[in-house]
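# Examination of the molecular architecture
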Amino acid sequence: MPYSEMLVAPMRAELTSAGVQELRTAEEVDAFMAKPSSSDLLIVNSVCGCAAGAARPAVQLALGQDLKPERTATVFAGQDLDATAQARSHMQQIPPSSPSMALFRDGELVFFIPRHRIEGRAAAEIAGDLQAAFQEHCTAATV
Amino acid sequence: MGTFHQNKGELHGITVVVKTSGNEIFVGRCDEVRPDGVVLLDADVHREGEGDRSPEDYLRQAAQFGVWKKFDRLVVPTDRVVSVERLGEVEA
């Protein structure tokens, strides 16, 4: 059952304030995925503690650097159910995981951080993993 | 900001690998470690000899991507538990 929107709104804002586009419906997910850029980061947000303490701060840290994906978007697991299901349909080979982060290059999934690689880790460590993936897969810096 | 349940032990909410004295390995999100067993949510099980993957291959793949859940909730009895470790610490 989804949590109160009043509770969840700050969790959404932690990502949207970092420039991440929120996808609230399946149609919005499809529109985002239908026109892939050279590099797209899709974050599955969640109400759990590891999203609060590690995943969202890690995304903020990683996106604060010069090298980052051309586009970033997020769906909220447990809240925006259709959007999340649609996002996962683009990662069918990967078991559902939230929070998680998926990097696509030209529409192809090239890097994935599942929940168990977020749990118990510092945000800076996860941001380092993201930055390493950006170095490998994001060919052009966007500022 | 998030949700926390700090009265359930240090592994609460952490995805763990539970190795048993039998031929089964369980992977799931630990809810709590109780005297009678380890409570797992969204859990999967691998039984040695089933399918074409060795336990090592199963764990390697689980460490890389996670697992497809077979059980919403299950309890691995304490007398069968050999070890409990974080999946995040297993080499992918």
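Rules and cut-offs
Residues numbered from 1 in each chain as written. Chains lettered and ligands numbered in written order. Predicted model: local features only at pLDDT ≥ 70, side-chain atom pairs only at ≥ 80, totals over all residues. Heavy atoms only, no water. Buried < 20%, exposed > 50% of the residue type's maximum accessible area, 1.4 Å probe, protein only. Helix = DSSP H or I, 4+ residues; strand = E, 2+ residues; numbered from the N terminus. Pairing = 2+ DSSP bridges. Phe/Tyr/Trp six-rings, centres within 6.5 Å; stacked < 30°, edge-to-face > 60°. Lys NZ or Arg CZ within 6 Å of the ring centre and 35° of its normal. Salt bridge = Lys/Arg side-chain N within 4 Å of Asp/Glu carboxyl O. Core = buried A, V, L, I, M, F, W, Y, C linked by side-chain atoms within 4.5 Å. Contact = heavy atoms within 4.5 Å. Buried area = accessible area lost by both parts, 1.4 Å probe. Polar contact = N/O pair within 3.5 Å; in protein donor to acceptor, adjacent residues only side chain to side chain. Nonpolar A, V, L, I, M, F, W, Y, C, P; charged D, E, K, R; others polar.

On to the pairing of strand 3 (residues 37-47) of chain B. Residues in a regular strand point their side chains to alternate faces of the sheet. Residues and elements named next belong to chain B. Of all 11 residues in strand 3, eight are buried; the element is thus mostly enclosed. As defined by bridge partners, strand 2 (residues 24-34) adjoins strand 3 across nine bridges and the pair is classed as antiparallel. Residue pairing for strand 3: E24 is matched across the bridge by R47. The turn linking strand 2 back onto strand 3 is made up of two residues. Bridge analysis of strand 3 against strand 4 (residues 71-77) gives six bridges, and the strand direction is antiparallel. Residue A43 lies in a different strand from strand 4, and its bridge partner there is F71.

What follows concerns the packing of aromatic side chains. In total, this model carries zero aromatic pairs over all chains according to the counting rule given. Positioned over the ring face of A:F32 is A:R71, at 3.9 Å from the centre of the ring.

As a further point, take the pairing of strand 2 of chain B. Of the pairings in the sheet, the one linking strand 1 (residues 15-20) of chain B to strand 2 of chain B comprises five bridges and is antiparallel in character. Its bridge partner lying in strand 2 of chain B, B:T15 is registered against B:R29.

All right, on to the pattern of salt bridges then. All names here are of chain A. Summed over all chains, the structure comprises 20 salt bridges over all chains. Taking the shortest distance from any N to any O, the salt bridge between R12 and D80 comes out at 2.8 Å. Taken as a pair, R12 in helix 1 (residues 5-16) and D80 in the loop between strand 3 (71-76) and helix 4 (81-89) lie far apart in primary sequence, 68 residues in all. Overlapping salt bridges, with partners in common, bring together E5, R12, E22, R24 and D80 in one network.

In this section: the nonpolar core. All names here are of chain A. Counting residues in hydrophobic clusters, the biggest one holds 25 residues, and the most contacted among them are V59, M101, I118, L130 and F134. Within the residue set of this core, elements represented by two or more residues are strand 2 (39-45), helix 3 (49-63), strand 4 (100-105) and helix 5 (123-137). It is helix 3 that provides the largest number of residues to this core, a total of eight residues. For I118, the contacting residues outside a window of four places in its chain are C50, A54, A55, P99, S100, M101, I113 and I126. Counting 17 residues, the second largest nonpolar core, distinct from the first, contains L23, V44, V75 and A83.

This brings us to the interface of chain A and chain B. Facing the 22 residues of chain A at the interface are 22 residues of chain B. Summing both partners gives a buried area of about 1,600 Å² for chain A against chain B, and 57% of it is carried by carbon and sulfur. Looking at the side of chain A facing chain B, the largest losses of area belong to A:P95, A:H116 and A:R117, adding up to 36% of the total buried there. For the pair chain A and chain B, the number of links is zero salt bridges. Inspection of the region where chain A meets chain B yields seven residue pairs in polar contact (both at pLDDT 80 or more). Mapped by element, the contributors of at least two residues to the side of chain A that touches chain B are helix 1 and helix 3 of chain A. No other element matches the four residues that helix 1 of chain A contributes to the side of chain A that touches chain B. Residue classes in the side of chain A that touches chain B are distributed as 12 nonpolar, five polar and five charged.

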